[in-house]
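Fold and contact review
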Number of protein chains: 2
Amino acid sequence: MSIEQSRKLTIYDLARLAKSSPSTVSAVLNGTWQQRRISRKLARRILDLAEREGYSTNMQARALRRDRSGILGMILPLYDNRYFSSIAQIFEAEARRRGIFAIVSCTNRDPDQEREAARMMLAYRVEHLICTGATNPDVIAEMCSAAGISSLNLDLPGTAAPSVISANREGARRLTDALLDRLEARKIDSTRVLFIGGRAEDHNTRERIEGFRHAHERRGLITNPTDIVPCDYAAEKAQAALEAYVDREGRLPAAMFVNSTISLEGIVRWLRLGGHNMNEIIMGCFDWDPLAAAFHPRLIMMRQDVPTMIARLFDWIDTPPEDPTVRLEVMPEIVGNPMGNRVAE
Amino acid sequence: MSIEQSRKLTIYDLARLAKSSPSTVSAVLNGTWQQRRISRKLARRILDLAEREGYSTNMQARALRRDRSGILGMILPLYDNRYFSSIAQIFEAEARRRGIFAIVSCTNRDPDQEREAARMMLAYRVEHLICTGATNPDVIAEMCSAAGISSLNLDLPGTAAPSVISANREGARRLTDALLDRLEARKIDSTRVLFIGGRAEDHNTRERIEGFRHAHERRGLITNPTDIVPCDYAAEKAQAALEAYVDREGRLPAAMFVNSTISLEGIVRWLRLGGHNMNEIIMGCFDWDPLAAAFHPRLIMMRQDVPTMIARLFDWIDTPPEDPTVRLEVMPEIVGNPMGNRVAE
DNA sequence: AATAGTTGCACAACCGATTGCGCATTCATA
DNA sequence: TATGAATGCGCAATCGGTTGTGCAACTATT
């Protein structure tokens, strides 16, 4: 590595230093030198020189000429829960493994920011754009298709691009089953099982509600409409919604299906503040957080299978699906201690 | 917005459509048209056309010519705790506010990945590189300076670039003070206060240990070396370290200073698994997580002041500090319920 | 009417890579 | 020794913007 350069080294500089030509240097550095019948000797010399001088190829120039940026883009609502942060981490790791550059932008569940971020990514000519949990994936998909760039949906499905999502309905059914099993085991009446959190207008929440209903139906139980409270995700909303529910019913629900860790935060806070014993109430959460699991080992959590979801995404990046609007569901799994053996109170 | 184009529209296309020239179109689109004395009328026409046709500037071409990418880079150890995820979110939000594109790459506290990510960022010619929590910030700073790109350190300080960090020592002193106050209030003997988590070789942990010691000293208390256990951050490490500590001492510590939420996870898990009552033991955590706060309202948490830290960073991006190795400390604050009034058990 | 200044725009040379093509050597074959 | 093929490399155009410079046409001044 040489001392600081005033200007960055280019292939023209290297060509001069190596007494060769820019095209040869280029071929050597991007690995096409064999096809161009550059001698091994010259290639070595140029590579050594580049190494010694600390050359790094200008990706803007390469991208411009190749008309491929070498960048993969992803937009994401937030980083601050385990689900989305692991999506970002695994996505980046896989991209890095392939020598592609991944850029992730978080858009705060805000349609304007989503559009703005997508516009930026398209301006930088990302090769694919992954829309994760977009409020309206189809808007982004259309921007991409207008720009001639392929897009993929993750977490929330769209109708204009291939989507990988969790098997929300079946997952919710299983989680609900686990709750009902515990109620049975403890011989507690299975009415007043509360579904709380999420947005009624988003696909995942609707599917999870269906699964919740279905689990009840299969046992001949009915679900009361007032037991389904998609009060949005925010902790404060969940907290207020639980308070309202308890006021109306006059007592705690027998069990709760909490639709995300962020909602869980509000639920737990309300229970704590109200002096309720966390262990009196059977809880499941459609999401996973190891810190929550540590604090409440009897909490049933659904862990979405992020590695598989990302793997499917990359499959599609490698070979685009025949059906451009295909929707693939990946099963999440229950983690922890589903039967709720007592640990410590 | 027009129908899908086979190839992206360029300023040459627009020039043809507007019966003008590429240089004029360029000037209009990048806002320099006034200086170039383009008539308002022509500018309007070109802008309308660009809008109608869905033109978007090819940032690679722009970056190549301008020799400025318009990108700000950040490397980050992880996304999956509240501290780092808020760093990423606030950094991106501020960049977006300024119309700059922020790209964040997470490197898993792995020096190789850090170097690799930095190399990528430099190849894409980021205008500044922010190194957050890098295992060795100086390595990255030197890569940057060799490439003629300015770098800044966040969270962990370096000696080769300006650094913004938390006031770890003073923050730790205050957190320790809060722990000792509670012990006093409960009339519990103040020996066997355990410092656990973090890496002895990293600056922040060393500083926090100093603060921990200092708080004791000021009360005339001594700190036993065996009460300081920088067993690394990982939950499993903390869990094992606590187990070893308790084995040796024959009982639980009277209070614990837990050096991060990730370590806290291990601590809490161990306590739960061992059937210990979480409330018997006074705990502080040098980090903040609202879910943990919900589960354990009496846990004392230090919240690092990320918005201020990021703001200082951008100050330096705007006007580089005179002293290129300046180190700025931002005070974190205790959140929650420092005096530990009982809420719910 | 001649001159100077202003207005409005286009030309063309870049930025740093990539890549089709062509030319000079060397080597093998007849 | 002539011919064709293989080897090894450089030329120059190109990607899509940016920007210094130049040149008409028009306006104001004397």
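Preceding this paragraph is the structure being described.
Small disclaimer: the values here were computed from a predicted structure and weren't measured.

**Looking at the packing of helix H10 (residues 235-249) of chain A against helix H11 (residues 261-273) of chain A**
All names here are of chain A.
- Where H10 meets H11, the axes come as close as 7 Å, and the angle between the chain directions of the two elements is 50 degrees. Put simply, H10 runs oblique to H11. Where H10 crosses over H11, the two elements pack in a sense that is right-handed. Taken together, the residues of H11 that come into contact with H10 (itself represented by Ala235, Glu236, Ala238, Gln239, Leu242, Glu243 and Val246) are Ile262, Ser263, Glu265, Gly266, Ile267, Arg269, Trp270, Leu271 and Leu273.
- Of the residues belonging to the contact of H10 with H11, the class tally is nine nonpolar, three polar and four charged.

**What to know about the protein's contact with DNA strand D**
- Taken together, 26 residues lie near DNA strand D, and Thr24(A), Ser39(A), Ser26(B), Arg62(B) and Arg65(B) sit nearest.
- Across the atoms of DNA strand D situated within 4 Å of the protein, the share located in sugar and phosphate is 42%.
- Separating a phosphate oxygen of DNA strand D from a side-chain N or O atom of Ser20(A) is a distance of 3.1 Å.
- In this structure, a base nitrogen belonging to DNA strand D sits 2.6 Å away from a side-chain N or O atom of Tyr12(B).
- Those elements giving two or more residues to the surface near DNA strand D turn out to be helix H2 (22-30) and helix H4 (59-66) of chain A together with helix H1 (11-18), helix H2 (22-30) and helix H4 (59-66) of chain B.
- For the surface near DNA strand D, the element with the highest residue contribution is H4(B), accounting for four residues.
- The class makeup of the residues in the surface near DNA strand D is eight nonpolar, 10 polar and eight charged.

**A short note on the protein's contact with DNA strand C**
- Every one of the 28 residues lining DNA strand C counts as a neighbour, but Ser26(A), Arg62(A), Arg65(A), Ser39(B) and Arg65(B) are closest to it.
- Near the protein, meaning within 4 Å, the atoms of DNA strand C are sugar or phosphate in a fraction of 44%, with bases accounting for the rest.
- Measuring from a phosphate oxygen of DNA strand C, one finds a side-chain N or O atom of Asn30(A) at 3.0 Å.
- A distance of 3.0 Å is found between a phosphate oxygen of DNA strand C and a side-chain nitrogen or oxygen belonging to Ser20(B).
- When contributions to the surface near DNA strand C are tallied by element, the ones reaching two or more residues are helix H1 (11-18), H2 and H4 of chain A together with H2 and H4 of chain B.
- Residue contributions to the surface near DNA strand C peak at five residues, all from H4(A).

**Details of the pattern of salt bridges**
Residues and elements named next belong to chain B.
- Following the criterion strictly, the structure yields 50 salt bridges over all chains and no others.
- Of the charged contacts in the structure, one is a salt bridge between Asp181 and Arg219, with a shortest N-O distance of 2.6 Å. Taken together, the positions of Asp181 in helix H8 (residues 168-185) and Arg219 in the loop between helix H9 (203-218) and strand S8 (228-229) put the pair 38 residues apart, joining distant regions of the chain.
- For Lys237, the salt bridge identified is with Asp232, shortest N-O distance 3.6 Å.
- What makes Lys237 partly exposed here is its relative accessible area of 42%.

**A few points about the sheet that holds strand S14 (residues 333-335) of chain B**
All names here are of chain B.
- Strand order in this open sheet of six strands is S8-S6-S10-S11-S12-S14, and the pairing throughout is mixed. Each edge of the open sheet carries a strand with a single partner, namely S8 and S14.
- Bridge analysis of strand S11 (residues 282-285) against strand S12 (residues 300-303) gives two bridges, and the strand direction is parallel. Bridge pairing in S12 links Gly284 to Ile300.
- Sheet strands in contact with H9 are strand S6 (193-196), S8 and strand S10 (255-258), and its direction is about 170 degrees off that of S6.

**A short note on the packing of helix H5 (residues 82-97) of chain A against helix H13 (residues 306-318) of chain A**
Residues and elements named next belong to chain A.
- The interhelical angle for the contact between H5 and H13, taken along N-to-C directions, is 45 degrees, at an axis separation of 10 Å. In terms of their interaxial angle, H5 and H13 are classed as oblique. The element H5 and its partner H13 pack so that their crossing is right-handed. Taking contact as the criterion, the partners of Tyr83, Ser86, Ile87, Ile90, Phe91, Glu94 and Ala95 in H5 are, on H13, Val306, Pro307, Met309, Ile310 and Phe314.
- Considered class by class, the residues forming the contact of H5 with H13 number 10 nonpolar, one polar and one charged.

**Comments concerning unusual backbone geometry**
Residues and elements named next belong to chain A.
- Even without being a glycine, Arg109 presents a positive backbone phi close to 55 degrees.
- When you line up the elements, Arg109 lands in the loop between strand S2 (101-106) and helix H6 (111-123).
- Classification of Arg109 as partly exposed rests on a relative accessible area of 21%.

**Comments concerning the interface of chain B and chain A**
- Contact with chain B, which involves 67 residues of that partner, is made by 65 residues of chain A.
- Both faces combined, the contact of chain B with chain A buries some 6200 Å², and carbon together with sulfur accounts for 58% of it.
- Of all residues in chain B, the largest losses of buried area upon contact with chain A belong to Tyr124(B), Arg272(B) and Phe295(B), amounting jointly to 14% of the total for that side.
- A salt bridge links Arg82(A) to Glu265(B), with the nearest nitrogen and oxygen atoms 3.6 Å apart.
- Our enumeration of links across chain B and chain A arrives at 26 residue pairs in polar contact (both at pLDDT 80 or more).
- Here the element with the most residues in the side of chain B that touches chain A is helix H11 (residues 261-273) of chain B; it accounts for seven residues.
- Each residue belonging to the side of chain B that touches chain A can be placed in one class, and the counts come to 32 nonpolar, 20 polar and 15 charged.

Rules used in this analysis
Counting restarts for each chain, with residues numbered from 1 along the sequence as it is written. Lettering for chains starts from A, numbering for ligands starts from 1, and both go in the order in which the items are written. pLDDT decides what is reported in this predicted model: residues at 70 or higher carry local features, side-chain atom pairs at 80 or more are listed and counted, and totals for whole chains, interfaces and linings draw on all residues regardless. The side-chain numbers reported here are obtained from all heavy atoms of the structure, hydrogens and water having been left aside. Comment: axis = line fitted to C-alpha atoms, over the contacting stretch for helices; angle = value between 0 and 180 degrees taken between N-to-C directions. Each helix corresponds to a stretch of at least 4 residues labelled H or I by DSSP, and each strand to a stretch of at least 2 residues labelled E; elements are numbered beginning at the N terminus. Angles below 35 degrees are treated as roughly parallel, those above 145 as roughly antiparallel, those between 65 and 115 as roughly perpendicular, and all remaining angles as oblique. Take the far helix as the reference: if the near one is turned anticlockwise from it by less than a right angle, the crossing is left-handed, and if turned clockwise, right-handed. The contact definition used throughout considers only heavy atoms, calling two residues in contact when any of these lie within 4.5 Å. Amino acids are sorted into nonpolar (Ala, Val, Leu, Ile, Met, Phe, Trp, Tyr, Cys and Pro), charged (Asp, Glu, Lys and Arg) and polar (every other residue, Gly among them). Nearness here has a simple test: a residue counts as near a molecule or strand if at least one of its heavy atoms is within 4 Å of that partner. We define a polar contact as two N or O atoms separated by no more than 3.5 Å, with the added condition that, inside protein, one atom must be a possible hydrogen donor and the other a possible acceptor, whereas residues neighbouring each other in sequence contribute only through side-chain atom pairs. Note on definitions: salt bridges are taken to be side-chain nitrogens of Lys or Arg within 4 Å of carboxyl oxygens of Asp or Glu. Buried, partly exposed and exposed residues are distinguished by accessible area as a fraction of the type maximum, computed with a 1.4 Å probe on protein chains only: under 20%, between the cut-offs, and over 50%, respectively. A pair of strands counts as paired when DSSP detects no fewer than two bridges linking them. In short, buried area is how much 1.4 Å probe accessible area vanishes from two parts on joining, totalled over both.

So far we have only geometry, and geometry alone does not tell us how the molecule works.
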